[in-house]
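Chains, contacts and geometry: an overview
This is what each chain is made of:
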Amino acid sequence: MDMSEAQFTLSLIALIVLGVCATVVVFSVRRLYRCPHCEKTPMITVALLGPASFGVRRDLVFNPFVCPNCGAKLRTDA
């Protein structure tokens, strides 16, 4: 089953739009989601050990109580 030229064009446009949206989200998170004290994005290092994965990865910390970089208090609720 072959794809028509119009279907191929629409698929290519959808792929490009998806890539642009993902890029905008990444840059928005890095620009807006920062510690007010040290101006760094709260990131944490995660060690992956297991049968399917092995290594170290840096992940974004969502809604942390304290900044992992400088220790500044980010939330008041417990």
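Provided above is the structure to which this section pertains.
These notes cover the structure that comes with them. (Residues numbered from 1 in each chain as written. Predicted model: local features only at pLDDT ≥ 70, side-chain atom pairs only at ≥ 80, totals over all residues. Heavy atoms only, no water.)

**Topic: the overall build of the protein chain**
Applied cut-off: Numbering of helices and strands runs from the N terminus; a helix is a DSSP stretch of H or I covering at least four residues, while a strand is a stretch of E covering at least two. Relative accessibility under 20% of the residue-type maximum defines a buried residue, over 50% an exposed one, and the middle range a partly exposed one, all with a 1.4 Å probe and only protein chains included. Should any heavy atoms of two residues lie within 4.5 Å, those residues are considered in contact. Surface accessibility follows the Shrake-Rupley procedure with a 1.4 Å probe radius. Residue values consider only the protein chains on display as shielding. Charged-residue counts in this description rest on Lys and Arg as positive and Asp and Glu as negative, His and the chain ends being excluded. Charge placement uses NZ in Lys and CZ in Arg. For Asp and Glu, CG and CD serve respectively.
Of regular secondary structure, the protein chain possesses one helix and two strands. Ordering the α and β elements of the protein chain from the N terminus gives α-β-β. On the principal axes, the C-alpha backbone points of the protein chain span a range of 55 × 35 × 20 Å. Classification of the 78 residues of the protein chain by burial places 12% in the buried group. Sequence separation of at least 24 residues holds for 31% of the intrachain contacts in the protein chain that already meet a minimum separation of 6. About 6600 Å² of surface is accessible on the protein chain, with carbon and sulfur atoms providing 66% of the total. Between the averaged position of the 8 positive side-chain charges in the protein chain and that of its 5 negative side-chain charges there is a distance of 17 Å.

**Observations regarding unusual backbone geometry**
You will see that Glu 39, though not glycine, has its phi angle at about 60°, which is positive. By the element assignment, Glu 39 lies in the loop between helix H1 (5-32) and strand S1 (43-49).

**Thoughts on a nonpolar patch on the surface**
For clarity, the cut-off: Nonpolar side chains (Val, Leu, Ile, Met, Phe, Trp, Tyr) within 5 Å and like charges within 9 Å form the patches, drawn only from residues with over 30% relative accessible area and no salt bridge. Between Lys or Arg on one side and Asp or Glu on the other, a salt bridge is scored when a side-chain nitrogen of the former is within 4 Å of a carboxyl oxygen of the latter.
On the surface, Met 3, Phe 8, Leu 12, Leu 15, Ile 16, Leu 18, Val 20 and Val 24 cluster together into a nonpolar patch covering about 820 Å² of accessible area. You can see Leu 18 is positioned in helix H1.

So yeah, pure geometry; function would need other evidence.
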